[in-house]
Amino acid sequence: MLKARPNQSDYPRSHTDRVPGRTSLAGRLTASLETKAWLNVELTNVCDLHCPLCITGTGRNPEPQGFMDFDAYRTWLRAVAPRVEAVRFLGNGEPTLHPRFLDFIAETAALGLPVQVGTNGMHLPPAKALLASGLSALYLDVDGVTPEQHSLYRRGAELTHILSSAKSLAAARPGRRPELYFLTLLGRHNEEQRPQFLELARTTGMDGIVFQLLADEFYAQEGQTSSRWFGRRHERLAEQDCVWRSSLGMLNWRGELQLCQMGPYKQGCFTKHHAFANPDPLVTLHSAEFRDLTNRCGSFPFCRGCQCRSFERLSETVLFSKRLFLRKGLEKLLRNPGVYLLPSRLFSMLRQYRWDRS
Ligand code: SF4
Ligand code: SF4
């Protein structure tokens, strides 16, 4: 359970300065100079599907299962909000299973923070309630164009039900809010259907589709890429930064701040030996040790083979609207001004987006 801070005055001034309602001019100036970043939040590590590469789906998660405490989240979020660019609800569980899922979105949106949700789509709330919550974007796992193909990886899921919920949501929303996307894992078993995935996303009313590479482990053939389509990108992979390097880490359902979603499970509870030592995630977030570890994301021994290192090269977002394509590109450039200095990074970042005119 996420613990509330016992006494704010115990913390250095720079921390309390960022708490809404207690801000000083110096604190606000400091906060405004800090770079904002994504915060990832695991509302639960419970899920009813059985995806074969997922530690939750395969019952390999060594952590106790549970749901995040809403009041503790609210306290913590208000404290860190000035440093947060947006919040993503994801993690080693299905966020929509949280009984207060909509409250978490509404609470976050009320602070003016964009909220994204990644979901298997089996338990979406009614469209009207979801629209009223203030959600900014929804990423729906769709790994097949037929129910059989979808459940090859998303074991236990029903594609017909997912598409029906997605259609209702797309039809009920005014304009393009929330943005709606398929999140599709491509591999040898479904990459030939790429055009059909685009068609399915269009007819379901999505704004686009994010293709990611299904890990080689699914095919149990080490040393080979699982996808011909991604093959050339895969071959060119060099040492990349990890995408989690530019985030504030992941707040797990117990209220502990992890460096990333994967690390603790890849080789022991790595982060527990470091940042988890303090029960207050706010103290962890501001510690020099946590910042230092975040800067090293992607270079730890257990990072070998982790796809988060090469995420930008191994994913592609196809957007159906020119306006959305331009907006996304611009947003991304503004968020990462440093890439101007490195043409290869700029190119790599821009080619992640594609506008599909068909
Ligand atoms: S839907 Fe997500 S959380 Fe659930 S088993 Fe699959 S990968 Fe894991
Ligand atoms: S590359 Fe390393 S730090 Fe990054 S997500 Fe993977 S395991 Fe975590």
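Now for a look at the structure at hand. Just so we're clear, the structure is a prediction, and the values are computed from it rather than from any experiment.

**Considering the overall build of the protein**
Item 1. A tally of regular secondary structure across the protein gives 14 helices and 10 strands.
Item 2. Every one of the 358 residues in the protein was classed for burial, and the buried ones make up 53%.
Item 3. Look at the contacts in the protein between residues 6 or more apart in sequence, and 72% of them connect residues 24 or more apart.
Item 4. Accessible surface, the protein as shown: approximately 16,700 Å² in total, 54% of it carbon and sulfur.

**Concerning the nonpolar core**
Item 1. One finds V41, Y73, V87, F89, F182 and I209 to be the most contacted residues of the largest nonpolar core, which totals 73 residues.
Item 2. Counting residues in hydrophobic clusters, the runner-up holds eight residues, among them A137, L183, L324 and Y353.

**Notes on the site of ligand 2**
Item 1. Around ligand 2, 12 residues are found, and the nearest of them are C242, W244, C260, C303 and C306.
Item 2. Counted by class, the shell around ligand 2 contains nine nonpolar, two polar and one charged residues.

**Points about the sheet that holds strand β4 (residues 137–141)**
Item 1. Pairing within the open sheet is mixed, and its 10 strands lie in the order β8-β7-β1-β2-β3-β4-β5-β6-β9-β10. Across the chains shown, the open sheet's two edge strands, defined by having one partner strand only, are β8 (257–258) and β10 (353–355).
Item 2. In this structure, β4 lies alongside strand β5 (residues 179–186), joined through five bridges in parallel fashion. For L140, the partnering residue across the bridge sits in β5 and is F182.

**What about the side chain of K328?**
Item 1. As for its placement among the helices and strands, K328 is situated in helix α13 (residues 322–335).
Item 2. The residues contacting K328, other than those within four sequence positions of it, are E179, Y181, L319 and Y353.

**Observations regarding helix α12 (residues 288–295)**
Item 1. Listed in full, the buried residues belonging to α12 are F290, L293 and T294. Seen along its axis, α12 keeps its buried residues to an arc of 100°; they face one direction.
Item 2. Summarising the contacts, the buried residues of α12 are in contact with β7 (247–251), β8 and α11 (281–286).

**Digging into the environment of R100**
Item 1. Looking at where R100 falls in the secondary structure, it is placed in the loop between β2 (84–89) and α4 (101–110).
Item 2. For the pair R100 and L43, spaced 57 residues apart in sequence, the C-alpha to C-alpha distance is 9.4 Å.
Item 3. In this structure the side chain of R100 is engaged in a polar contact, spanning 2.8 Å, whose partner is the side chain of D103.

**Topic: the environment of G91**
Item 1. Looking at where G91 falls in the secondary structure, it is placed in the loop between β2 and α4.
Item 2. In this structure the C-alpha to C-alpha distance between G91 and M250, which are 159 residues apart in sequence, comes to 7.9 Å.

**Focus: α13**
Item 1. The terminal C-alpha atoms of α13, which comprises 14 residues, lie 20 Å apart, in line with the 20 Å expected from a rise of 1.5 Å per residue.
Item 2. Along α13, the residues classified as buried are L324, K328, G329, K332 and L333. Buried residues of α13, seen end-on, are gathered within an arc of 165° and therefore sit on one face of the element. Pointing more than 90 degrees away from the buried face of α13 are the exposed residues R323, L326, L330 and L334.
Item 3. Capping of α13 at its N-terminal end is provided by S321; its side-chain oxygen lies 3.3 Å from the backbone amide nitrogen of R323.

**Considering the pattern of salt bridges**
Item 1. Scanning the model with the defined rule gives 16 salt bridges in all.
Item 2. Residues R78 and E107 are paired through a salt bridge, measuring 3.1 Å at the closest nitrogen-oxygen approach. Here R78, found in helix α3 (residues 70–80), pairs with E107, found in helix α4; they are 29 residues apart in sequence, far enough to count as distant.
Item 3. With its nearest N and O atoms 2.8 Å apart, the salt bridge here joins D356 to R202. Here R202 lies in helix α8 (residues 194–204) and D356 lies in the segment after β10, a separation of 154 residues in the sequence.

**Brief notes about the pairing of strand β1 (residues 37–41)**
Item 1. With five of five residues buried, β1 is to be regarded as a mostly interior element.
Item 2. Inspection of the sheet shows β1 paired to β2 by five bridges, in the parallel sense. Opposite L39, over in β2, you have V87 as the bridge partner.
Item 3. Regarding the hand of the β-α-β motif, the stretch spanning β1, α3 and β2 is right-handed.
Item 4. Where β1 lies against β7, three bridges are found, and the strand directions are parallel.

Conventions and cut-offs
- Residues numbered from 1 in each chain as written.
- Chains lettered and ligands numbered in written order.
- Predicted model: local features only at pLDDT ≥ 70, side-chain atom pairs only at ≥ 80, totals over all residues.
- Heavy atoms only, no water.
- Helix = DSSP H or I, 4+ residues; strand = E, 2+ residues; numbered from the N terminus.
- Buried < 20%, exposed > 50% of the residue type's maximum accessible area, 1.4 Å probe, protein only.
- Contact = heavy atoms within 4.5 Å.
- Areas by Shrake-Rupley, 256 points an atom, 1.4 Å probe, with all protein chains shown as cover.
- Core = buried A, V, L, I, M, F, W, Y, C linked by side-chain atoms within 4.5 Å.
- Near = heavy atom within 4 Å.
- Nonpolar A, V, L, I, M, F, W, Y, C, P; charged D, E, K, R; others polar.
- Pairing = 2+ DSSP bridges.
- Arc of directions from axis to C-beta.
- Polar contact = N/O pair within 3.5 Å; in protein donor to acceptor, adjacent residues only side chain to side chain.
- Expected span 1.5 Å × (residues − 1).
- Salt bridge = Lys/Arg side-chain N within 4 Å of Asp/Glu carboxyl O.
- Right-handed = clockwise from strand over helix to strand, strands pointing away.

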